[in-house]
Amino acid sequence: MTMRPIRIIGDPVLRTPCEPVTTFDAELRDLVTDLMDTMLGAPGRAGVAAPQIGVNARVFVYDADGHRGHLINPTLELSEELQDDDEGCLSVPDLYFPTPRAMHATAHGVDQHGEPLTITGSGFLARALQHETDHLNGHLYVDTLRGDTRRRALREIRAGRYSSPSQRG
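Rules and cut-offs
Residues numbered from 1 in each chain as written. Predicted model: local features only at pLDDT ≥ 70, side-chain atom pairs only at ≥ 80, totals over all residues. Heavy atoms only, no water. Helix = DSSP H or I, 4+ residues; strand = E, 2+ residues; numbered from the N terminus. Contact = heavy atoms within 4.5 Å. Salt bridge = Lys/Arg side-chain N within 4 Å of Asp/Glu carboxyl O. Buried < 20%, exposed > 50% of the residue type's maximum accessible area, 1.4 Å probe, protein only. Polar contact = N/O pair within 3.5 Å; in protein donor to acceptor, adjacent residues only side chain to side chain. Core = buried A, V, L, I, M, F, W, Y, C linked by side-chain atoms within 4.5 Å.

Notes on the environment of Leu-117
So, step 1. Mapping Leu-117 onto the fold places it in strand β10 (residues 116–122).
So, step 2. In this structure, the C-alpha to C-alpha distance between Leu-117 and Leu-14, residues 103 residues apart in sequence, is 25 Å.
So, step 3. Beyond its immediate chain neighbours, meaning those up to four positions away, Leu-117 contacts His-70, Leu-71, Ala-107, His-108, Gly-109, Val-110 and Asp-111.

Focus: the pattern of salt bridges
So, step 1. Applying the stated criterion across every chain yields a total of nine salt bridges.
So, step 2. Between Asp-11 and Arg-7 there is a salt bridge whose closest N-O contact spans 3.0 Å. Across this residue pair, the class does not change: Asp-11 and Arg-7 are buried.
So, step 3. Bridged by salt links that share partners, the residues Glu-87, Arg-101, Arg-127 and Asp-134 form one connected network.

Quick look at the side chain of Gln-130
So, step 1. Its location among the elements puts Gln-130 in helix α2 (residues 124–136).
So, step 2. Residue classification places Gln-130 among the buried positions, given a relative accessible area of 4%.
So, step 3. A polar contact of 2.9 Å, which involves the side chain of Gln-130, links it to the backbone oxygen of Ala-126.
So, step 4. Dropping the residues within four chain positions of it, Gln-130 is found in contact with Leu-76, Leu-78, Arg-101, Ala-102 and Ala-105.

Things to note about the nonpolar core
So, step 1. Counting residues in each nonpolar core, the largest one holds 16 residues, and the members touching the most others are Leu-31, Leu-35, Val-48 and Val-59.
So, step 2. Broken down by secondary-structure element, the contributors of at least two residues to this core are α1 (26–40) and β3 (59–64).
So, step 3. Among the elements that make up this core, the one with the highest residue count is α1 (six residues).

Structure below.
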């Protein structure tokens, strides 16, 4: 089992859009395994994206609402219906804020062998698919916050230990 350290807000890799995966080889399969080990290696983790472990590749793993897997080069179709539950992130530890997301999401991509893959979910699974895809685009969940919630989140981030690109396991 290889648990990789999680990159924390302030690390530039989290703000860099990831490159599409074009080679489906043993190195990619090792990355998927490392991501899965990192996600499952600590309780309460619903997903980990490649940039969270310092890798610039459009890959993430997820474990939400009884569905577990990985997705490479995802695109999303989102419903207009919204949900507004609390959301957190391993890269912004210990902070949770009500975050608007689409209630339903369908993610299209490929698996580690390049075979087409579609995942459809509602509620928490839809939230996880959107959250992890955002990571691949260089966005964190706090970027979606608005108004007083955004101001409170930014205050707490500035007051916390997130101002330098540290790593956490």
